[in-house]
Amino acid sequence: MQLTPSIRSALAAGAAVTVLFAGAGAAAAAPAAPPAPATAAKAPATAPPARATAPAAAAHSPYSQLRSLATFSAERLATADLVAAAKWGTGSPIDDPAREQEVLKSVAEQARQLGADPEATTRIFKDQIEANKVVQRGLYRQWDADPAQAPTERPDLQEVRKEINRVNGELVRAIAASPHARSAPSCTPLLTTAAARVRAERQLDGLHTVALARSLPSVCAAA
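Residues numbered from 1 in each chain as written. Predicted model: local features only at pLDDT ≥ 70, side-chain atom pairs only at ≥ 80, totals over all residues. Heavy atoms only, no water.

### Some remarks on unusual backbone geometry
With glycine set apart, most residues show a phi of negative sign, and most peptide bonds adopt trans.
Okay, step 1: Phi is positive for Gln-203, which is not a glycine, with a value near 55°.
Okay, step 2: Here Gln-203 is to be found in the loop between helix H8 (187-202) and helix H9 (206-214).
Okay, step 3: Classification of Gln-203 by relative accessible area gives exposed; the value is 70%. (Helix = DSSP H or I, 4+ residues; strand = E, 2+ residues; numbered from the N terminus. Buried < 20%, exposed > 50% of the residue type's maximum accessible area, 1.4 Å probe, protein only.)

### Observations concerning the environment of Ser-68
Okay, step 1: Along the chain, Ser-68 turns up in helix H3 (residues 62-87).
Okay, step 2: Note on Ser-68: relative accessible area 31%, which makes it partly exposed.
Okay, step 3: Counting along the chain gives 110 residues from Ser-68 to Ser-178, while the straight-line C-alpha distance between them is 9.4 Å.

### Things to note about the confidence of the model for the protein
Okay, step 1: Predicted confidence across the protein gives a mean pLDDT of 82, with 73% of residues reaching 70 or more.
Okay, step 2: In this model, residues 23-55 is a region of pLDDT below 50 whose contacts with residues beyond four sequence positions or in other chains number 14 contacts. (pLDDT = per-residue confidence, 0-100. Contact = heavy atoms within 4.5 Å.)

### Let's talk about the packing of helix H5 (residues 118-145) against H9
Okay, step 1: Packing of H5 against H9 brings their axes to within 8 Å, and their N-to-C directions diverge by 160°. With respect to each other, H5 and H9 are oriented roughly antiparallel. Relative to H9, the crossing made by H5 is right-handed. Counted together, Asp-127, Glu-130, Ala-131, Val-134, Val-135, Gly-138, Leu-139 and Gln-142 of H5 and Leu-207, His-208, Val-210, Ala-211 and Arg-214 of H9 form the full contact between these two elements.
Okay, step 2: Broken down by class, the residue content of the contact of H5 with H9 amounts to seven nonpolar, three polar and three charged. (Axes fitted to C-alpha atoms, helices over the stretch in contact; angles between N-to-C directions. Parallel < 35°, antiparallel > 145°, perpendicular 65-115°, else oblique. Left-handed = near helix turned anticlockwise from the far one by under 90°. Nonpolar A, V, L, I, M, F, W, Y, C, P; charged D, E, K, R; others polar.)

### A closer look at the packing of aromatic side chains
Okay, step 1: Per the stated rule, a full pass over the model turns up three aromatic pairs.
Okay, step 2: Seen in terms of ring centroids, Trp-88 and Trp-143 are 5.2 Å apart; in terms of plane orientation they differ by 75°. Their pairing is edge-to-face. Placement of Trp-88 in the loop between H3 and helix H4 (97-113) and of Trp-143 in helix H5 is noted, with a sequence separation of 55 residues between them.
Okay, step 3: For Trp-143, a relative accessible area of 8% gives the class buried.
Okay, step 4: Centroid distance Tyr-140 to Trp-143: 6.1 Å. Interplanar angle 35°. Geometry classified as tilted. Taken together, the residues span about one helical turn, with Tyr-140 and Trp-143 both in helix H5 at a distance of three residues.
Okay, step 5: A relative accessible area of 16% means that Tyr-140 is categorised as buried. (Phe/Tyr/Trp six-rings, centres within 6.5 Å; stacked < 30°, edge-to-face > 60°.)

Below is the structure:
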């Protein structure tokens, strides 16, 4: 069977999610950073300039850039709990095509202003939106099954959306800053490690772990 571009894209996205799941346990156990060499404490006060620039270089490394994407993706997912609580019991649907198009139009324009690829940014944000809905649907199922877990207070949805817009801006900037990291052959393993560490740091439960994986398939395919 000849694979069409759309089928290849779907397979690539599915493979990326599978890798994230497979790597979550092992990579999460990895140390956040390698220990400093034992001789570092003996370095002279007048260290060579190259040493002074090393932290800055590390901050702009492909791993750091991809970790920023994973971090802001997880931060955006945290707002899904608030959106679900705001909509719960109101009859408001989880799917909101008008709002979704508004978000996609906004992030595409932000990408243009930053000199980034608006199409790549839009593809990544489509996954972000779907991941957000994964959390909302999962929470609805939990609350339907056990009403005692349902929220007793309703957040102001407009205020929640202000926070979402803030995180969206951070995520667009992270996308704009990472074209080479996202197109590199090492993107998938580095993103897997980054996502697993973010998952561990934030102590994400199963639902939010699945959603985090759902938010990232286009990252390494969209540069």
